[in-house]
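# Remarks on the overall topology
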Amino acid sequence: MVHVFACSGRFASWEALQAYLSPAYTDDGDAVPPPFFLETGLTQYEPACIESAWLATPAPLAELLDGVSYAGSWLAQAGADADAQGVQADASVCVFAPNQLAHPQRGSLHYVGRYCYDIAG
């Protein structure tokens, strides 16, 4: 399962998006959860299974996420859903298993939906 989020105008740069998604660390090396984790209830954190994209100007979701993992098995549906929802985005986040989200709809980014993917696709 992949959860897809999108937004427009929220992040001024790739670095700002990454600050929203990536844990910080105390001087003692303890992880401090980023806003995205707290908003969505992310658990089972596997950083390699979270992908993000950022563009300087808004675009259709399918264009923004061109090349994301397993896109052949889920991106067309997500793009169609985003188009139906009127979503043009300059930033997007895709959360793949084994990461788990307790409440993705509570996030401050627009929640496009969740989609099954085929690891062969």
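See above for the structure.
These remarks concern the structure in this document. (Residues numbered from 1 in each chain as written. Predicted model: local features only at pLDDT ≥ 70, side-chain atom pairs only at ≥ 80, totals over all residues. Heavy atoms only, no water.)

### A closer look at the sheet that holds strand S6 (residues 88-96)
Spatially, four strands are ordered S5-S6-S1-S8 in an open sheet, and the strand pairing comes out antiparallel. Edge positions in the open sheet fall to strand S5 (50-60) and strand S8 (110-115), since each of these has one partner strand only. For this sheet, the mean inter-axis angle between neighbouring strands, taken without regard to orientation, is 20°. Where S5 and S6 come together, seven bridges link them in antiparallel fashion. In the sheet register, tryptophan 54 faces S6, and the bridge partner there is alanine 91. Running at roughly 150° to S8, helix H4 (residues 75-84) makes contact with S5 and S8 of the sheet. (Pairing = 2+ DSSP bridges. Helix = DSSP H or I, 4+ residues; strand = E, 2+ residues; numbered from the N terminus. Axes fitted to C-alpha atoms, helices over the stretch in contact; angles between N-to-C directions. Contact = heavy atoms within 4.5 Å.)

### Quick notes on the environment of alanine 12
Tracing the backbone shows alanine 12 in the loop between strand S1 (2-7) and helix H1 (14-21). By relative accessible area, alanine 12 is classed as exposed at 73%. A sequence separation of 44 residues divides alanine 12 from alanine 56, and the C-alpha atoms of the two residues are 8.2 Å apart. (Buried < 20%, exposed > 50% of the residue type's maximum accessible area, 1.4 Å probe, protein only.)

Take it as geometry only, folks, not as evidence of what the structure does.
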